[in-house]
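Reading the structure
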Amino acid sequence: MSWNDFHQRQQALAEVLDSARRDLTAAFDTVPSPFRDTDELLTALHHKWMQQLTGRVEVALIDTENGPHDDRVKAVTMAWRRTAGANPGLRAALDVHSANPALSEATEREHRLLAIAAGLADEHEPPHEVARVGRTFVQLLRATPITNREDRRSPLRKLIPSL
């Protein structure tokens, strides 16, 4: 991929996310060039999500090295919530299209990352089991109220009322 292709893709993603902030459903009515179809667009959006989530998780875990197990769970929870709060349109777009088969493999990778990073599963366990633990973890963190005052003001609360 050339720099020109990269910039075209980034511009198209930014336009879709800007449109999603105004009307989530209409944002996916047409697929912008250079993407061929909605599946490719959704995969690129999930990749963008994972870049930001992975960075936040890594930074959060640096502060909890050699700490108690629950510190890792809290760190990963806050990293996920902060990533979602900083990217409400992106998170909402992925949530609305979560049943799309194009996202299933990427979402499983995300769930495995979260389960392992939080210390809830081991990387040597069967991948489908690790993904199941990660999926459950995400469901729980969405269902658990935010207690930190800073995170109460997060735009994520508007998108996911259970937070």
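Residues numbered from 1 in each chain as written. Predicted model: local features only at pLDDT ≥ 70, side-chain atom pairs only at ≥ 80, totals over all residues. Heavy atoms only, no water.

1. A few points about the environment of V138
The following threshold applies: Each helix corresponds to a stretch of at least 4 residues labelled H or I by DSSP, and each strand to a stretch of at least 2 residues labelled E; elements are numbered beginning at the N terminus. Between two residues, a contact is recorded if the distance between any of their heavy atoms is within 4.5 Å.
With respect to the helices and strands, the residue V138 is situated in helix α6 (residues 127-143). Those residues in contact with V138 that lie beyond four places of it in its chain are W80, H111 and L114.

2. Quick look at the packing of aromatic side chains
What counts here: Between rings of Phe, Tyr and Trp, where Trp is taken as its six-membered ring, a pair exists when centres lie within 6.5 Å; planes separated by under 30 degrees are stacked, by over 60 edge-to-face, and by other angles tilted. Per-residue accessibility, obtained with a 1.4 Å probe over protein chains only, is compared with the maximum for each type, and a residue is labelled buried under 20%, exposed over 50%, and partly exposed between these values.
Per the stated rule, a full pass over the model turns up two aromatic pairs. With a centroid separation of 5.7 Å and 90° between ring planes, the pair formed by W3 and F6 is classed as edge-to-face. Separated by three residues within a single helix, W3 and F6 lie in helix α1 (residues 3-22), roughly one turn from each other. By relative accessible area, which is 33% here, F6 ends up partly exposed. Measuring from centroid to centroid gives 5.9 Å for W49 and W80, while their planes differ by 75°, and the two rings are edge-to-face. With W49 in helix α2 (residues 38-64) and W80 in helix α3 (residues 69-86), this residue pair connects regions lying 31 residues apart in the sequence. Owing to a relative accessible area of 0%, W80 belongs among the buried residues under this scheme.

3. Some details on the pattern of salt bridges
Note the threshold: Salt bridges are defined as contacts in which a side-chain nitrogen from Lys or Arg sits within 4 Å of a carboxyl oxygen from Asp or Glu.
Tallied over the full model, the rule gives nine salt bridges. Here R142 makes a salt bridge to D95, at a shortest N to O gap of 2.8 Å. One end of the pair, R142, is in helix α6; the other, D95, is in helix α4 (residues 88-96), with 47 residues separating them in the sequence. On the accessibility criterion, D95 (23% relative accessible area) is partly exposed. Put simply, E105 and R109 hold a salt bridge, and the shortest N to O gap is 3.2 Å. Of this pair, E105 and R109 both sit in helix α5 (residues 104-117), four residues apart, which is roughly one turn of the helix.

4. Some remarks on the nonpolar core
Put simply, the rule is: The criterion is simple. A nonpolar core is a set of buried Ala, Val, Leu, Ile, Met, Phe, Trp, Tyr and Cys residues joined through side-chain atoms within 4.5 Å.
Core analysis: the biggest nonpolar cluster contains 33 residues, and F28, L45, W49, V57, V76, W80 and L114 have the highest contact counts within it. Put simply, the parts of the chain that give this core at least two residues each are α1, α2, α3, α4, α5 and α6. Not counting chain neighbours up to four residues away, the residues in contact with V57 comprise V76, A79, L114 and A117.

5. Focus: the packing of α1 against α2
Note the threshold: Structural elements are reduced to axes, namely lines fitted to C-alpha atoms, with helices fitted over the stretch in contact, and the angle between N-to-C directions of any two is expressed from 0 to 180 degrees. An angle below 35 degrees is read as roughly parallel, one above 145 as roughly antiparallel, one from 65 to 115 as roughly perpendicular, and any other as oblique. Basically, the charged four are Asp, Glu, Lys and Arg, the nonpolar ten are Ala, Val, Leu, Ile, Met, Phe, Trp, Tyr, Cys and Pro, and anything else, Gly included, counts as polar.
At a closest axis distance of 11 Å, the pairing of α1 and α2 adopts a crossing angle of 90°. Relative to α2, the element α1 lies roughly perpendicular. Every residue of α2 that contacts α1 at R9, Q10, L13, V16 and L17 is listed here: E40, L41, A44, L45 and K48. Residue composition of the contact of α1 with α2, by class: six nonpolar, one polar and three charged.

6. Structural notes on a nonpolar patch on the surface
How we decide: The patch calculation keeps residues exceeding 30% relative accessible area without a salt bridge and links them within 9 Å when they carry like charges or within 5 Å when they are nonpolar (Val, Leu, Ile, Met, Phe, Trp, Tyr). Here the Shrake-Rupley method, with its probe set to 1.4 Å, supplies the accessible areas, and only the displayed protein chains count as covering residues.
Together, M1, W3 and F6 make up a nonpolar patch on the protein surface, roughly 430 Å² of accessible area in all. For W3, a relative accessible area of 66% translates into the label exposed.

7. Thoughts on the confidence of the model for the chain
Keep this limit in mind: pLDDT expresses how confident the predictor is about each individual residue, on a scale running from 0 to 100.
The pLDDT averaged across the chain works out to 88; a share of 87% of its residues lies at or above 70. Within the chain, α5 carries the highest mean pLDDT (97), whereas helix α8 (residues 156-159) carries the lowest (44). A low-confidence stretch, residues 149-163 (pLDDT under 50), is modelled with 34 contacts involving residues beyond four sequence positions or located in other chains.

8. Quick notes on the side chain of T77
Relative to the helices and strands, T77 is located in helix α3. A relative accessible area of 13% places T77 in the buried class. Here T77 is in contact with F137 and L141, once residues within four sequence places are set aside.

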